Amino acid sequence: MAKNIYDFDEGRREMAGLLGGKGAGLAEMTRMGLPVPPGFTVTTEACRSYLLTGAEPAGLRAELERHLALLERAAGRRLGDPHAPLLLSVRSGARYSMPGMMETVLDIGLTDATVRGLAETGGGKRFAYDSYRRLLQMYGSTVLGLHRGLFDSALTRLKTARGLADDRVLTADDLADLVEVYKAVIRSAAGEDFPQDPREQLYRSVQAVFRSWNSERARLYRRREHIPDDLGTAVNVQMMVFGNHGPRSGTGVAFTRDPATGRPGMYGDYLAGAQGEDVVSGVRDAVPLAALEELDPAAYRALRGYLALLETHYRDLCDVEFTIDDGTLWMLQTRIGKRTAEAAFRIAAQLADEGLITEDEALARVTGEQLGRLLFPRFADSVGRRPLAHGVPASPGAAIGAAVFDSAEAARRAAAGEKVVLVRRETTPDDLPGMVAAQAVLTSRGGKTSHAAVVARGMGKVCVCGAEGLTVDPARRRLTTPDGTVVAEGDVISVDGTAGTVHLGALALRTSPVAAYLEAGTDAGDIAADDLVRAVDRLLRHADGLRRMEVRANADTPEDAARARRFGARGIGLCRTEHMFLGERRRLVEAMILARSDAERRQALKALLPLQRADFTGILAAMDGLPVTVRLLDPPLHEFLPDRTALTARLTAAEARGETPEPHDAELLAAVESMHEVNPMLGLRGVRLALVAPGLVAMQVRALAEAVVDRRRAGGDPRAEIMVPLVASVTELRLVKAEIRRVLAEVWAATGTDVDLPVGTMIELPRAALTAGRIAGEAEFFSYGTNDLTQTVWGMSRDDVEAEFFPAYVARGVFDASPFETLDRDGVGRMVEIATAEGRETRPGLVTGVCGEHGGDPASVRFFDRAGLDYVSCSPFRVPVARLEAARARLDDAHRNTGDTR
C-alpha cells in the first residue's frame, strides 16, 4: 500500500513533488534543527487519488490516526482533550507556490467542551473564544462552502452594537456571543451543525484542502503561471502555535532580502496579537519587521540568525512565516521567495558576488520574461505634481488605467480593451481575476507581505499597498483622499510601484534605465552607476558567452537595424521589403499594378529600383559584417491599393453630386475588384506573386545586388541573403531561384563584383515542412515563419480568432497560452523538428532560424535551441530577452535553482 503521509522528520527539500513546497520546507527546517511545530504532510499523490475517485485513498484514515498519535506524543496534548486540548492547523502546500489560492483551516480541535479547557490552561477566555470564532469562520467558508461575508457581516453587527471599530477590543464575553452567532450562521446556511467531534473536523478539512486544488481561483492562477493542473496539493497538519496568545505573541512574514528591490537585509512585516492569516490578508496593518527588535529583542535575534542560516542553506532569497507564542519563536514555513524582476537581477548578482552561487546559476535565476519587464517604461519625473497618496511600493513599475473597485468590473473592462487599475481596501484570493486583468493593483491596507503584494510580484504587476490616506468605498465605487479629492470609477490614475505613489490622470512616461542603457549600446567600461543596470549587463555578457544560438532582429529600416545592433543583435533575420513600398512610394507601386503594357510596367519598376537600392544600402551599412536576410515581396498586391470600400464611397459620392468620377479612382477600383480574394492570406502572395508578376523579383534582386556592390566598393562587408516566402513546392523555389541567379549573374558581369548571394526560403506552410527534404535541395537556408505556420497548422486566422474564442479556449484548457505568443510544440514545433531534420539529411549543415514573433518569446526560444536551430530573429526590443533565454536554454538542469522562483 502506498505511503500517503510523512512526518516532518521523514522528508527533505528535494521531495517537493510529493510533499509540496510547504511540506518539503517544513521537513528541511526540521532536519536543520530549527524550531518547527511538530506535524506531518499528506502527499500530493493522496490528493490526486481523491480528486480522481472522489474518495480518500485506501488506508488514509488509519495512517492519519497513526501519525496523529505521534504528533500528540510530541506535543504532550491530545486532540479533543477537554482539559488541555491539542489544536491543529490544516494548510495546503502545492509543489509550486500559489499564494492564497487554496485553503487553510486553523484551530481544529476546538469544540464547546475543549474551548473551556483551552481558556483554563492556554491563556484565558478571550484568547480561547477568539480562536474558536476563527475556526468557525474558516471551517464554514472552507469546508462547508459558505460565503465569508456571512461571518464578516455578523462581526460588523456585533461591533456596531457595542460601539466599537476594532475587533481587537472585543471582550471575552463579546467573542463568546460571536461564537454562538457563527454557529447559528452555519446551522442556517449549511443546514447542519458545526461538528463537535475534532476528528470529523480534521478529516473534512483535509478533504476540503484537496478540493481547493480545483477551485476557480486556483485554476485561474495555474493558467496564469503555467502550472500543470495534474500536480495536486499536499496537506500539512501541524500543532497550532498562537500569535494571538497575548502581548508577547504575534506573527509575521520575513524575507532574507527585499523581494521588491533585491536590496540586502532582513525585510518583512510583524503583527502583534494576531494569527498568520491576519498578516497575509492585509485586513490589519502590520509594523515593519525591524520593530520586533524593540518588542521582543530575543525573538528578533533568533529570527535573524535563522534567516541567515536558511539563505545560506538554500543559496537564495527565502520567504519565511513565523509565529511568536508567548515569547517562543516558531518557524512555520520557508520557501524560495517570489520576487520582482528588479529584485531577481540584483539578488542573482549579489549571491554570485558572495560566492553562494556560480555565474551560470545566477543566469538560471533570472528569466527573459523578467528582463522584458525591466525594459518597460517608467514614469517621468513628476516634480510639482502632488500625489493623491503614498503607500508601500510592493511591486515596481509604471501603470496607467481607469480606477475600478471590484474584480468582476476589472475583468469586464479589460476584456473590452480598456486598461484598468484594481482598487481595493485589501485583496483576497477571490480578487484574482481582476488582478490578472488589471495593469496595477492599489490597496489602502496591507504591506509588502500582504496577499496583494505577494500575488502582484509573482505576476509582474505594478502594485502599491497600504495607501492609508485613501478611503476606498466599493459600494459607492470611489475613493477619497485626505484633502477631499474624489476619484470615481472610470477616472484615470497613474500608479508608480517603484515610488509607492498614486497620481490623478495619466503621467508622462520615459524609457526605463535598463532599456536606455541597452539601447545606447554602451561599452563595457562605461556602465552606469545603477547597480540594477550593472547586474543586467553582467548577466547578459555572461549569456552571450554561453549561448549556442545566435540572435538576430526583424528590421526594415537602417534606423531599426542600427537599434537592433545596439541591443546586441547579430544580424537581421527578416527584412520585410513590402514596408519599403509604403508612404509616397505607393504611387509607384500603383503605377506598376495598373500598367497596361510591359513597357509601362518596366518603367514603374525602373523608378522603384534606386529607391529600393538605397534602402538596402543603408540597412547593409548598419549591419556591416553581419548577415541580413531580405525577404522578397510577400503580401498580395492589392494591399498597396486604396481600400475597396473607400474607393466605392468616393465614386458614389461624386456621382450623387452629379460630378464625373476621377478616372484614376475608377481605374483603381477596377484593379481592386479584379484582385479581390475571399482569403488573401492563402491567395496570390509570396512566391506565387513572384511567378506571375513579371519583373518584380528581378527589380528587388537587382536592387539588393547593386547595394552589395556599393557597400563593397565603399570598403564594407555586406552579407546579404535572399529569402523566398510562402514556398509550398520545391518547383516553385526552383523557378524563382533561376530568375534570382540570372539577375545576380547580370550584376556580377556588369560590375565585376562577386554577388553570389545565398538563396533560401521561409518554411511557413505545412506542406513545405513535410517536404523539407526536397526543398533543401534548392534552399541554402531555412527560416521558419512561425506566424503563418501557426495559422496554417491550426487552420486559424489570427486577426479573426484571438478576440472571438481564444479566452474561452484558454479558460477550458484547450490552450495553456495563445499559440501565436508561445509556440505550439506538439503541432507547429513538431513541424519545425521534422523540417530541420529532413532538410539537414539533404543538405548537411543547413542553416535554420526562426523569424516569427515566437523568436522573442522566452519559452519558444528554449524550444528552438533544443530543436537545433541556428538563430532566432525578433523585434529589436526583444533582442536582449532572446539573448538571455538562448543562454539559459544551454544550462544543465543540475545548475538550476531547485526552488520555485517563478
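Residues numbered from 1 in each chain as written. Predicted model: local features only at pLDDT ≥ 70, side-chain atom pairs only at ≥ 80, totals over all residues. Heavy atoms only, no water.

Enquirer: Hey, could you run me through the packing of helix α1 (residues 16-32) against helix α12 (residues 297-314) in this one?
Expert: The description of two helices packed together rests on the angle between their axes and the distance between the axes. The interhelical angle for the contact between α1 and α12, taken along N-to-C directions, is 110 degrees, at an axis separation of 12 Å. Overall, the two elements α1 and α12 adopt an arrangement that is roughly perpendicular. Regarding α1 and α12, the two cross each other, and that crossing is right-handed. Residues Gly25, Glu28, Met29 and Met32 of α1 form the contact with α12, whose participating residues are Leu309, Leu310, His313 and Tyr314. Here the contact of α1 with α12 is composed, by residue class, of five nonpolar, two polar and one charged. (Axes fitted to C-alpha atoms, helices over the stretch in contact; angles between N-to-C directions. Helix = DSSP H or I, 4+ residues; strand = E, 2+ residues; numbered from the N terminus. Parallel < 35°, antiparallel > 145°, perpendicular 65-115°, else oblique. Left-handed = near helix turned anticlockwise from the far one by under 90°. Contact = heavy atoms within 4.5 Å. Nonpolar A, V, L, I, M, F, W, Y, C, P; charged D, E, K, R; others polar.)

Enquirer: So what exactly am I meant to see when it comes to the sheet that holds strand β2 (residues 39-42) here?
Expert: Hydrogen bonds between backbone groups are what pair the strands of a sheet, and the pairing can be parallel or antiparallel. Pairing in this open sheet of five strands is antiparallel, and the strands run β1-β2-β7-β5-β6 from one edge to the other. Two strands bound the open sheet, and with one partner strand each, they are β1 (5-7) and β6 (104-108). In this sheet, adjacent strand axes meet at a mean angle of 20 degrees when their direction is disregarded. As defined by bridge partners, strand β5 (residues 88-94) adjoins β6 across three bridges and the pair is classed as antiparallel. Bridge pairing links leucine 88 to isoleucine 108 in β6. Sitting on the sheet, α1 is in contact with β1, β2, β5 and β7 (233-239), with an inclination near 125 degrees to β5. (Pairing = 2+ DSSP bridges.)

Enquirer: Is there a simple way to explain the confidence of the model for the protein chain in this structure?
Expert: Regions with low pLDDT carry predicted coordinates that are not meant to be interpreted in detail. Overall, the prediction assigns the protein chain a mean pLDDT of 89, with 94% of residues at 70 or greater. Throughout residues 893-902 the model reports pLDDT below 50, and contacts reaching past four residues in sequence, or to other chains, amount to 26 contacts. (pLDDT = per-residue confidence, 0-100.)

Enquirer: I tried to follow the packing of aromatic side chains on my own but got confused; where do I start?
Expert: Both the distance between ring centres and the angle between the ring planes are used here to describe each pair of aromatic rings. Scanning the model with the defined rule gives 11 aromatic pairs in all. Aromatic pair phenylalanine 127 and phenylalanine 242: ring centres 4.9 Å apart, planes at 85 degrees, arrangement edge-to-face. Taken together, the positions of phenylalanine 127 in helix α5 (residues 125-143) and phenylalanine 242 in the loop between β7 and β8 (250-257) put the pair 115 residues apart, joining distant regions of the chain. Considering the side-chain rings of phenylalanine 782 and tyrosine 784, the 6.4 Å spacing of their centres and the 75 degrees angle between planes classify their relative orientation as edge-to-face. When sorted by exposure, phenylalanine 782 lands in the same class as tyrosine 784, which is buried. Feature note: the residues Tyr132, Tyr139 and Phe194 constitute an aromatic cluster, connected by ring pairs. The ring centre of tyrosine 203 lies 3.9 Å from the NZ or CZ of arginine 61, which sits over that ring. In this structure, arginine 222 packs its charged tip against the face of tryptophan 213, placed 3.9 Å from the ring centre. (Phe/Tyr/Trp six-rings, centres within 6.5 Å; stacked < 30°, edge-to-face > 60°. Buried < 20%, exposed > 50% of the residue type's maximum accessible area, 1.4 Å probe, protein only. Lys NZ or Arg CZ within 6 Å of the ring centre and 35° of its normal.)

Enquirer: What is the right way to read helix α31 (residues 786-794) from this model?
Expert: Residues lying three or four places apart along an α-helix face the same way, a consequence of the helix completing one turn every 3.6 residues. Turning to α31, its buried residues are Thr786, Asp788, Leu789, Thr790 and Gln791. Once α31 finishes, glycine 795 follows within two positions and takes phi at roughly 65 degrees, a positive value.

Enquirer: Sorry if this is basic, but what is going on with the pairing of strand β27 (residues 572-576) here?
Expert: Every other side chain in a regular strand lies on the same face of the sheet, so the side chains alternate between the two faces. Most of β27 is tucked away: five of the five residues are buried. Sheet topology places strand β26 (residues 550-554) next to β27; two bridges connect them, and they run parallel. The residue bridging alanine 553 from the neighbouring strand is isoleucine 572, located in β27. As judged from the three bridges shared by β27 and strand β28 (residues 627-631), these two strands associate in the parallel manner. Directly across from isoleucine 572, in β28, lies its bridge partner valine 628.

Enquirer: Mind showing me how you'd approach the environment of phenylalanine 210 here?
Expert: Summarising the element assignment, phenylalanine 210 is placed in helix α8 (residues 198-212). Classification of phenylalanine 210 by relative accessible area gives buried; the value is 0%. With 163 residues separating them in the primary sequence, phenylalanine 210 and arginine 373 have C-alpha atoms 35 Å apart. Aside from chain neighbours lying at most four places away, what touches phenylalanine 210 is Val42, Thr43, Ala46, Cys47, Tyr50, Leu51, Leu60, Thr233 and Val235.

Enquirer: Which parts of the structure should I look at to understand the nonpolar core?
Expert: Most often, soluble globular proteins have nonpolar side chains that are buried together. Within the largest apolar cluster, 123 residues are counted, with the highest numbers of intra-cluster contacts made by Phe345, Val514, Ile722, Val724, Ile740 and Phe782. Element by element, the count of residues in this core is highest for helix α27 (residues 696-713), at 11 residues. Ignoring any residue separated from it by four or fewer positions in sequence, one finds isoleucine 740 in contact with Leu632, Val697, Val701, Ile722, Val724 and Val759. Leu86, Leu87, Leu135 and Tyr182 belong to the second largest nonpolar core, which has 59 residues in total. (Core = buried A, V, L, I, M, F, W, Y, C linked by side-chain atoms within 4.5 Å.)

Enquirer: Sorry, what's going on with the sheet that holds strand β9 (residues 264-272) here?
Expert: Judged by pairing direction, the sheet is antiparallel, and its five strands sit side by side in the order β10-β9-β8-β11-β12 without closing on themselves. Both edges of this open sheet fall to β10 (287-288) and β12 (328-336), since each of them pairs with a single strand only. As paired elements, β8 and strand β11 (residues 318-325) share six bridges and run antiparallel to each other. When the bridges of β11 are listed, threonine 251 appears paired with threonine 323.

Enquirer: Explanation requested: the packing of helix α19 (residues 513-520) against helix α20 (residues 531-546) in the structure shown.
Expert: Where α19 contacts α20, the axes come no closer than 9 Å and their chain directions differ by 50 degrees. Considering the angle they form, α19 stands oblique to α20. Crossing geometry of α19 relative to α20 is assigned as right-handed. Along its contact with α19, which presents Pro513, Val514, Tyr517 and Leu518, the element α20 presents Leu532, Val533, Val536, Asp537, Leu540 and Arg541. In terms of residue class, the contact of α19 with α20 is made up of eight nonpolar, no polar and two charged.

Enquirer: Just to check I follow, could you spell out the side chain of aspartate 107 for this structure?
Expert: Among the secondary structure elements, aspartate 107 is positioned in strand β6. Notably, aspartate 107 is buried but unbridged: the nearest opposite-charge side chain belongs to arginine 134, and the N-O separation is 5.5 Å. For aspartate 107, the contacting residues outside a window of four places in its chain are Leu87, Leu88, Ser131, Arg134, Leu135, Met240, Phe242 and Gln275. (Lys, Arg positive; Asp, Glu negative; His and termini not counted. Salt bridge = Lys/Arg side-chain N within 4 Å of Asp/Glu carboxyl O.)

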